[in-house]
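Structural features, examined
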Amino acid sequence: MGGGGGSDVKNAVWMRALMMAGLILGIAVASYVGLGVVAAGAKHLTWEDEEHHYDEVKEKWQAEITAGNITSEDESNEFYKAKEEAHHHEIEAHLSYLTYRVAGLAILFVGIIFSAFLVISGVMNSSQPDEHHDEHHGHDEHEHHGSASPIIFSFGCLLFLLGFPDFADALHGLMMGSAKGTIGDMSVSMIGLTVVTIGVANWWREDLPFNGYGEQLATSDPFAGQHIRKAGIWVFLMSEVMVFATFFSSYLRMRTEWCTKWAFDKGTCREVDVNGDGTFDVITRHDLHPDYVLTASDYLRPGGAVGTGDFWTMLPGAVNTFALIISSYTIVLALKIAKSHDYKAPTGVFGKLMPTKKAAIRNYLIVTLLLGTMFIVLKLVEWSHLIAEGFTFSGAGETASIFYVATGAHGVHVFAGLLIMLYMIFKADTVEWNEDNAQGIEYFGLYWHFVDLAWVVIFPAFYLY
């Protein structure tokens, strides 16, 4: 996204990043207190009550079995039905608690990262006096500079991934309310994120003053005459297609070659010579059932195989699908307005929200950011429900691994896009986007549309099929 050259940016502009960071952090903390503490606390009390009630009903059921009045196999008696109903309410109460707890923690975590990016970028880029900036102003206005940001960014990613297993355990423990993992386990990954932030802050400093002049053009086929940054983003997206193709190929191999619950119920499981000795049998890969494997859709689909799937378990994924589709539309609207020469404010409510071209671009980008953030929050809520219902690496094996790696990789791409979008909002509110430098929004839009398109394929394949 970055460019080089352009007008100088005063320290007062960079300090506005601190104001944005304070606003975002305040909203995140308030959301965490409201959702993760107050609402989750009330839901936790309800969960405890339902758990206590389930234990009482279960004891009565077991007492009747001990007395010989009923058998454990008899599912028609009132004691068994009362036990199952109490267990259902206990599960619902637990999932309701997780929804508010995880949503609050997710918003807080995202808000802290957003604020950290803004604070570090603002402090780093305002550390030099304005006089120093003025000394270098003007002589390289049209020069396109090289950048150390990718190297810094890559080193930060290396540190983050080195500490990621402990980071994931600690984060899982915090969100699920268990003692698994500590804050110290997150240290290596947090250092990596800090280095990533420094690399991004350096990129902000390089790109913020870019006013659209000095773009380098490709001189050789097949991109001759095209902006190098645009050609680069298309090459990057082609490599991303190959990355996600590996996820889909693994998933399709599992769904077509293994006997899933869906295929088992329809009697279409294919028998193969598993051991190569002429004996044919159904392919199985699940420890909990000898005949079929359970996939994420079995937990998420209404009337799912494990008895937990209903409309509400499918809802987060469905909402996320519409959120990304709408966010692609809002980023297009931001680009359209940035490239317009004669912006006219709309009438009615939208006119009050977008009275100027600057405000319109900024607000459409903010809406895009909010929709993407909602995607991340709902994704973590959905994961917490799946884990609580038993769809884990130890419980579901390869099927869970394929699902979490594919949807997790997509979530990382969404989150990376949100960090870029955060900068774009900052630029919209300060230096401003216009018809000369709007290509930055255009290039980011290509990436965001790819992320959207990938999810449009992931949702029906992993959730509905």
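Everything numeric here is computed off the predicted structure, so don't read it as measured data.

So, how was this worked out
Residues numbered from 1 in each chain as written. Predicted model: local features only at pLDDT ≥ 70, side-chain atom pairs only at ≥ 80, totals over all residues. Heavy atoms only, no water. Patch = residues over 30% accessible without salt bridge, like charges linked within 9 Å, V, L, I, M, F, W, Y side chains within 5 Å. Areas by Shrake-Rupley, 256 points an atom, 1.4 Å probe, with all protein chains shown as cover. Salt bridge = Lys/Arg side-chain N within 4 Å of Asp/Glu carboxyl O. Helix = DSSP H or I, 4+ residues; strand = E, 2+ residues; numbered from the N terminus. Buried < 20%, exposed > 50% of the residue type's maximum accessible area, 1.4 Å probe, protein only. Core = buried A, V, L, I, M, F, W, Y, C linked by side-chain atoms within 4.5 Å. Contact = heavy atoms within 4.5 Å. Polar contact = N/O pair within 3.5 Å; in protein donor to acceptor, adjacent residues only side chain to side chain. Expected span 1.5 Å × (residues − 1). pLDDT = per-residue confidence, 0-100. Phe/Tyr/Trp six-rings, centres within 6.5 Å; stacked < 30°, edge-to-face > 60°.

Taken together, the side chains of Leu 25, Val 29, Val 33, Val 37, Val 38 and Ile 112 define a hydrophobic patch exposed on the protein surface, amounting to about 450 Å² of accessible area. Here the nonpolar patch gets five residues from one element, more than from any other, and that element is helix H1 (residues 11-66). Relative accessible area serves as the criterion here: at 38%, Val 29 is assigned to the partly exposed category.

Counting residues in hydrophobic clusters, the biggest one holds 79 residues, and the most contacted among them are Phe 114, Leu 365, Leu 418 and Phe 462. Here this core takes 17 residues from helix H14 (residues 398-429), the largest share from any one element. Apart from residues lying up to four places away in sequence, Phe 114 is in contact with Ile 24, Leu 369, Thr 373, Phe 415, Leu 418, Leu 419 and Leu 422. Counting six residues, the second largest nonpolar core, distinct from the first, contains Ala 40, Leu 95, Tyr 97 and Leu 98.

Take the side chain of Lys 83 next. Along the polypeptide, Lys 83 turns up in helix H2 (residues 78-125). In this structure Lys 83 comes out as buried when scored by relative accessible area, which is 8%. Reaching out from Lys 83, the side chain makes a polar contact with the side chain of Glu 84 at a distance of 2.6 Å. Among residues more than four places away in sequence, those in contact with Lys 83 are Tyr 54, Val 57, Lys 58 and Trp 61.

Once that is clear, we can look at H2. The end-to-end C-alpha distance of H2, which contains 48 residues, comes to 70 Å, matching closely the 70 Å that a straight helix rising 1.5 Å per residue would cover. The backbone nitrogen of Phe 79 has a side-chain oxygen 3.1 Å away, supplied by the residue at the start of H2, namely Asn 77.

Tracing the chain through its elements places Lys 357 in helix H12 (residues 357-388). Engagement of the side chain of Lys 357 in a polar contact is seen with the backbone oxygen of Ala 338, the distance being 3.2 Å. A polar contact is formed between the side chain of Lys 357 and the side chain of Glu 435, at a distance of 3.1 Å. The contacts of Lys 357, once residues within four sequence positions are left out, are Ile 337, Ala 338, Ser 340, Tyr 343, Trp 433, Asn 434 and Glu 435.

You will see that Glu 432, though not glycine, has its phi angle at about 85°, which is positive. By secondary structure assignment, the location of Glu 432 is in the loop between H14 and helix H15 (439-464).

Looking at the protein, the pLDDT average stands at 80 and 80% of residues meet or exceed 70. The low-confidence segment residues 272-276 (pLDDT under 50) makes nine contacts with residues lying over four places distant or belonging to another chain. Under a pLDDT of 50 for its full length, residues 278-290 has, in the predicted model, 32 contacts with residues more than four places off or in other chains.

For the rest of this paragraph, the subject is the packing of aromatic side chains. To describe a pair of aromatic rings, one takes the distance between the centres and the angle between the planes. Tallying each qualifying case throughout the model produces 22 aromatic pairs. Plain terms: the ring middles of Trp 14 and Phe 426 are 5.8 Å apart, the flat faces sit at 25° to each other, and that makes the pair stacked. Of the two residues, Trp 14 sits in helix H1 while Phe 426 sits in helix H14, which places them 412 residues apart along the sequence. Note on accessibility: Trp 14 and Phe 426 belong to one class, buried. Centroid distance Phe 114 to Phe 415: 6.1 Å. Interplanar angle 15°. Geometry classified as stacked.

What follows concerns the pattern of salt bridges. When their charged atoms lie close together, side chains carrying opposite charge are able to pair. Scanning the model with the defined rule gives eight salt bridges in all. Of the charged contacts in the structure, one is a salt bridge between Lys 230 and Glu 442, with a shortest N-O distance of 3.2 Å. One end of the pair, Lys 230, is in helix H7 (residues 228-257); the other, Glu 442, is in helix H15, with 212 residues separating them in the sequence. The partly exposed category is assigned to Lys 230, whose relative accessible area is 23%. Note that Glu 435 is salt-bridged to Lys 357, the shortest N-O span being 3.1 Å. Linking Glu 435 in the loop between H14 and H15 with Lys 357 in helix H12, this pair joins segments that are 78 residues apart in sequence. For Lys 357, a relative accessible area of 18% puts it in the buried group. Residues joined by salt bridges that share partners form a network here, namely Arg 16, Arg 362 and Asp 429.

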